[in-house]
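Now for the letters of each chain:
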Amino acid sequence: MIVVYSLGGSVLAAQDSAGLKRYAETLKMISRDNQLYVVVGGGAIARDFIGRARGVGASEALCDSLGILATRMNAALLAAALGGSAPFRVPESYDDALEASKTYRIVVMGGVSPGQTTDAVAALLAEYARADLLVIATSVNGVYTSDPEKDPGAVKIPRMKAGELARMMSQIQLKAGSRSPVDPLAAKIIERSHIPTIVLDGRNVANLIRAIDGTHDGTEIRG
Ligand code: UTP
C-alpha cells in the first residue's frame, strides 16, 4: 500500500530522543510492506515563532512561512532519527517528495505553502501519490460530534462520509476558540478524491500500525 501519515507537530514535539527513535523504528517496520510518506507538523516551535512574529507586526503570510520552517525542522529531526531510511534533505515540494520515493521507502516532509496546515499537505500528497490510505495522527483519538473538551456529551464517530467531515470541519472553524481535528482544506481534498482516511491518536506510536491492520479505534472516513 501507499500510505501518507500526517503526524501532528504536537505529537512529535513531545518526544525525547528515545521517543523519536520509537516512531522511527515503527515507521521503518511499516515501510517493509508499504511505501510511506510522513508529513510532520510544526507543534510548539511553530506556535512560538508565529506568536512572536505576529507580535512584531509580521503579515499572516510571513507568519505562515515561519510555521513552514518549523514543520521542516521537525521533519528533518524525524528524518535524522530514521537514519538512511529517509532522505536527510527534506523535500520542499510534492514533485521532490514523489521523486525521493523512487529511492526511499519513507519520505518525510513538512509544509509547502502559506494559508494551510500540514493536514492539507498530507491530503494533497495523497492525491499526487495516489495513496491507498491517509492517516491523520493527531492529539485527539478521532472525530467527535462536538468539541469533547467543551461538551461532556460529545461522542466519538467511528465511521463517517467525507462530505460529512468537510461540512463539520467548516462549521467548527467558524466558532471562536474551538479547534478542528482536521484542517477544513484537508477535509475538502479528502472529499473530492475519496481518499480512505483515518483520524486517530498519534501520541500512541502503536496506533501507526493499527491504522494499517485495521485494529485502530479512531474515526474512519470513506468517500
Ligand atoms: P501545522 O500543520 O503544524 O499546524 O503547521 P497545526 O494546526 O499547528 O498542527 P499541530 O499543532 O502541529 O498538530 C503549523 C503552521 O505552519 C503554517 C501554518 O501557519 C500552520 O498553522 N503552515 C504549515 C503553512 O502555512 N503551510 C503549510 O503547508 C504548513
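This write-up is about the structure you can find in this document. (Residues numbered from 1 in each chain as written. Predicted model: local features only at pLDDT ≥ 70, side-chain atom pairs only at ≥ 80, totals over all residues. Heavy atoms only, no water.)

Some points on the packing of helix 6 (residues 118-128) against helix 8 (residues 184-193)
The geometry of helix 6 relative to helix 8 is characterised by a closest axis approach of 7 Å and an angle of 20 degrees between their N-to-C directions. It follows from the interaxial angle that helix 6 and helix 8 lie roughly parallel. At the point where helix 6 passes helix 8, the crossing takes the left-handed sense. For the pair helix 6 and helix 8, the contacting residues are Asp119, Ala120, Ala123, Leu124 and Glu127 in the first and Leu185, Ala186, Ile189, Ile190, Arg192 and Ser193 in the second. (Axes fitted to C-alpha atoms, helices over the stretch in contact; angles between N-to-C directions. Helix = DSSP H or I, 4+ residues; strand = E, 2+ residues; numbered from the N terminus. Parallel < 35°, antiparallel > 145°, perpendicular 65-115°, else oblique. Left-handed = near helix turned anticlockwise from the far one by under 90°. Contact = heavy atoms within 4.5 Å.)

So, the packing of aromatic side chains
On inspection of all chains with the given rule, the structure shows 1 aromatic pair. Ring geometry for Tyr94 versus Tyr128: centroids 4.9 Å apart, planes at 25 degrees, classification stacked. Of this pair, Tyr94 sits in helix 5 (residues 94-100) while Tyr128 is found in helix 6, placing the two residues 34 residues apart along the sequence. Taking relative accessible area as the criterion, Tyr94 reaches 11% and is therefore assigned buried. One residue, Arg52, lies across the ring of Phe49, its end atom 5.2 Å from the ring centre. (Phe/Tyr/Trp six-rings, centres within 6.5 Å; stacked < 30°, edge-to-face > 60°. Buried < 20%, exposed > 50% of the residue type's maximum accessible area, 1.4 Å probe, protein only. Lys NZ or Arg CZ within 6 Å of the ring centre and 35° of its normal.)

Looking at the side chain of His216
Its location among the elements puts His216 in the loop between helix 9 (206-213) and strand 7 (219-222). Given a relative accessible area of 10%, His216 falls into the buried group. Ignoring any residue separated from it by four or fewer positions in sequence, one finds His216 in contact with Ile198, Leu200, Arg210 and Ala211.

What about the site of the ligand?
The full set close to the ligand counts 22 residues, and Gly9, Gly42, Asp64, Ser113 and Thr118 are the nearest of them. With respect to the ligand, the backbone of Gly42 contributes an N or O atom lying 2.6 Å from an oxygen atom. Between Thr118 and the ligand, the recorded distance is 2.4 Å, taken from a side-chain N or O atom to an oxygen atom. Alone, the ligand offers 580 Å² of accessible surface; in the complex the protein occludes 81% of this. Of all the elements in the fold, those that place two or more residues in the shell around the ligand are helix 1 (9-13), helix 3 (43-55), helix 4 (60-81) and helix 6. Residues of the shell around the ligand, tallied by class, amount to 6 nonpolar, 14 polar and 2 charged. (Near = heavy atom within 4 Å. Polar contact = N/O pair within 3.5 Å; in protein donor to acceptor, adjacent residues only side chain to side chain. Areas by Shrake-Rupley, 256 points an atom, 1.4 Å probe, with all protein chains shown as cover. Nonpolar A, V, L, I, M, F, W, Y, C, P; charged D, E, K, R; others polar.)

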